[in-house]
Amino acid sequence: MRSGLTLGIETSCDETAAAVVQDGTKILSNIVLSQIDIHRKYGGVVPEIASRKHIEAMVPVINEALGGAGVALGDIEVIAVTSGPGLVGSLLVGIAAAKSLAFALEKPLVGVNHIEGHIYANFLDREDLSPPFVCLTVSGGHTDLLLIPELGRYEILGRTRDDAAGEAFDKIARVLGLPYPGGPQIEKLAQRGDKRAFDFPRGLSEAGNFDFSFSGLKTAALNRLNQAQQKGEEINLPDFAASFQWAIIDVLTTKLMAAAELYGVEQVVLSGGVAANTTFRAYVQEQANAAGMEVWYPPKHLCTDNAAMIASAGYFRYRAGVRSGFDLNALPNLRLGND
Ligand code: KG4
Ligand code: ZN
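All of the points below concern the structure found in this document. (Residues numbered from 1 in each chain as written. Chains lettered and ligands numbered in written order. Predicted model: local features only at pLDDT ≥ 70, side-chain atom pairs only at ≥ 80, totals over all residues. Heavy atoms only, no water.)

Among the secondary structure elements, Val274 is positioned in the loop between β9 (267-271) and α9 (278-291). Sequence spacing of Val274 and Ile235 is 39 residues, and the spatial spacing of their C-alpha atoms is 25 Å. Leave out the neighbours within four places in its chain, and Val274 touches Val138, Ser139, Ala165, Gly166, Phe169 and Phe280. (Helix = DSSP H or I, 4+ residues; strand = E, 2+ residues; numbered from the N terminus. Contact = heavy atoms within 4.5 Å.)

Right, let's get into the coordination of the zinc ion (ligand 2). Within the protein, His114 (NE2), His118 (NE2) and Asp305 (OD) serve as the donor atoms for the zinc ion (ligand 2), at 2.0 to 2.1 Å. Considering all four donor atoms around the zinc ion (ligand 2), the spread of angles at the metal, 95 to 135 degrees, places the coordination shape in the tetrahedral class. (Donors = N, O, S within 2.8 Å, 3.2 Å for Na, K, Ca; no water. Tetrahedral: all angles 85-135°; square planar, octahedral: opposite > 155°, others 65-115°.)

The next thing to look at is the sheet that holds strand β7 (residues 143-148). Taken in spatial order, the five strands make up an open sheet running β8-β7-β6-β9-β10, and their pairing is mixed. Since the sheet does not close on itself, it has two edges, and those belong to β8 (155-159) and β10 (294-296), each with one partner. Averaged over all adjacent pairs, the angle separating strand axes in this sheet is 20 degrees, with direction ignored. Strand direction decides the pairing type here: strand β6 (residues 133-138) and β7, joined by six bridges, are antiparallel. Within the sheet, the bridge partner assigned to Val134 lies in β7 and is Leu147. Sitting on the sheet, helix α8 (residues 237-262) is in contact with β6, β7, β8 and β9, with an inclination near 160 degrees to β6. (Pairing = 2+ DSSP bridges. Axes fitted to C-alpha atoms, helices over the stretch in contact; angles between N-to-C directions.)

Taken together, the side chains of Asp23, Glu127, Asp128 and Glu294 present a region of like negative charge at the surface. Along the chain, Glu127 turns up in the loop between α4 (114-120) and β6. (Patch = residues over 30% accessible without salt bridge, like charges linked within 9 Å, V, L, I, M, F, W, Y side chains within 5 Å. Areas by Shrake-Rupley, 256 points an atom, 1.4 Å probe, with all protein chains shown as cover. Salt bridge = Lys/Arg side-chain N within 4 Å of Asp/Glu carboxyl O. Lys, Arg positive; Asp, Glu negative; His and termini not counted. Charge placed at Lys NZ, Arg CZ, Asp CG, Glu CD.)

Quick look at the sheet that holds strand β2 (residues 15-22) now. An order of β3-β2-β1-β4-β5 is seen for the five strands of this open sheet, with the pairing classed as mixed. Each end of this open sheet is capped by a strand with a single partner; those strands are β3 (26-34) and β5 (109-113). In this sheet, adjacent strand axes meet at a mean angle of 20 degrees when their direction is disregarded. Of the strand pairs in this sheet, strand β1 (residues 5-10) and β2 are connected by six bridges, and their pairing is antiparallel.

Let us look at the packing of aromatic side chains. This model, assessed by the stated rule, comprises 13 aromatic pairs. Between Phe200 and Phe240, the ring centres sit 5.4 Å apart and the planes meet at 85 degrees, which makes this aromatic pair edge-to-face. With Phe200 in the loop between α6 (182-190) and α7 (215-231) and Phe240 in helix α8, the pair connects residues that are 40 residues apart, well separated along the chain. You'll find Phe200 and Phe240 in the same group, each marked buried. For the pair Phe212 and Phe214, a centre-to-centre distance of 6.3 Å together with 10 degrees between the ring planes defines the contact as stacked. Each member of the pair, Phe212 as well as Phe214, is classed as buried. Of the aromatic side chains, those joined through ring pairs into one cluster are Tyr120, Phe123, Tyr315, Phe316 and Tyr318. Between the NZ or CZ atom of Lys195 and the centre of the ring of Trp246, over which it lies, the distance is 3.8 Å. (Phe/Tyr/Trp six-rings, centres within 6.5 Å; stacked < 30°, edge-to-face > 60°. Buried < 20%, exposed > 50% of the residue type's maximum accessible area, 1.4 Å probe, protein only. Lys NZ or Arg CZ within 6 Å of the ring centre and 35° of its normal.)

Moving on: α7. Between the first and last C-alpha of α7 there are 24 Å, a value that for 17 residues agrees with the 24 Å anticipated at 1.5 Å per step. Within α7, burial applies to Leu217, Lys218, Ala221, Leu225 and Ala228. Axial view of α7: buried residues confined to an arc of 105 degrees, hence all on one face. Along α7, the residues that are exposed and aim more than 90 degrees away from the buried face are Gln230 and Lys231. Of the surrounding elements, those touching the buried residues of α7 are α5 (165-175) and α8. Trailing α7 by a residue or two, Gly232 shows a phi angle of about 70 degrees, which is positive. (Expected span 1.5 Å × (residues − 1). Arc of directions from axis to C-beta.)

Right, let's get into the site of ligand 1. Close to ligand 1 lie 20 residues, the nearest being His118, Gly140, Asp170, Gly183 and Glu187. Between ligand 1 and His114 there is a distance of 3.2 Å, counted from an oxygen atom to a side-chain nitrogen or oxygen. Relative to its unbound accessible area of 550 Å², ligand 1 is 89% covered by the protein chains. According to the grid-proximity analysis, the pocket containing ligand 1 is the largest pocket. (Near = heavy atom within 4 Å. Polar contact = N/O pair within 3.5 Å; in protein donor to acceptor, adjacent residues only side chain to side chain. 1 Å grid on protein atoms, 1.4 Å probe; cavity = no way out; pocket = protein on both sides within 12 Å on 5 of 7 lines; lining within 4 Å. Sits in = over half its atoms within 2 Å of the grid points.)

Okay, the layout of surface pockets next. If you add up the space inside the largest pocket, you get close to 1300 Å³. Along the wall of the largest pocket there are 45 residues; nearest its centre are Ser139, Gly140, Gly141, Asp170 and Tyr180. Secondary structure elements with two or more residues in the lining of the largest pocket: α4, β7, α5 and α6. With six residues, the single largest contributor to the lining of the largest pocket is α5. In the lining of the largest pocket, the residues fall into 15 nonpolar, 18 polar and 12 charged. (Points joined across faces, edges and corners; volume = space filled by probe spheres on them. Nonpolar A, V, L, I, M, F, W, Y, C, P; charged D, E, K, R; others polar.)

α8 packs onto α5 with a crossing angle of 170 degrees between their chain directions and a minimal axis gap of 11 Å. Classified by the angle their axes make, α5 and α8 are roughly antiparallel. Residues Ala165, Ala168, Phe169 and Ile172 of α5 pack against Phe240, Phe244, Gln245, Ile248 and Leu252 of α8. For the contact of α5 with α8, the class distribution of residues is eight nonpolar, one polar and no charged. (Parallel < 35°, antiparallel > 145°, perpendicular 65-115°, else oblique.)

Structure, rendered in structure tokens:
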């Protein structure tokens, strides 16, 4: 066995992923098999198809991760797996694989909250980030604003009351006839557009409110498209995409910076798929520079779902003494701080 070597397994949604990470920070391999092409024709993830594809891919993906890292199963010190939140049938495939390996190899098993994994993507391949910080986790399923005073402690300052930010991107992209996932498509279209062309609402914008709401924005965007259609008016799609994207980025950034200021922290951290958005990263950077704060975000390929982030979070939980039993179950609605 090699000390500090973690095998991470992630199957919460439509990516079958396995990774080998040294000491929670150094990526030795990171294999992500995306099912996006399969789900794209349905306009979103179909849970039954996702779990079937995870079953087919799980063992080859784990073998590829071990081979890529140049390690054998016997070298692994700890096995970390996403236990929630996510699609129950998908989660169960990764959990069954992790439990089988842990049982057969007599290795410790650690269940990981997927959101915690996204946050730990910020610790990969660099070691200088340390709390306290305020973190925004923005993905297809979550929009959480967190105060992290120390490693492993999460104070939830706010979360979305309806759609997640990524979900809002995906829904509007779908209406515009753009392929799934919609975030990168809207971002691409927005590059040629004017963000001030359409005046879209910002939900829950009163000072001190750290919750989010994107349903008003979504309705306003849909109404605007319907109105144009009824009048036979042609909408400038790049302008529309740029204004829609800007409404989301503006509200996310404003609340993130206000929270950092209120809680007196000097570092702001981004995580989750939406944190891969270049305009969002640049705007947070600009605002943080103006406020004299430091910004952290993972490289783009580590913002979206992967198993290296699960290995990292799992290793730090393991170091803190956490162990999961063979009764580890999929928890589709698992929340941060409740595990
Ligand atoms: O974290 P993630 O891979 O999966 C979840 O845990 O949900 O996030 C996927 C979400 C999708 O909604 C996708 O549209 C969004 O992240 N996303 C983006 C970008 N890349 C991915 N949203 C905006 N801009 C992007 N560049
Ligand atoms: Zn995710």
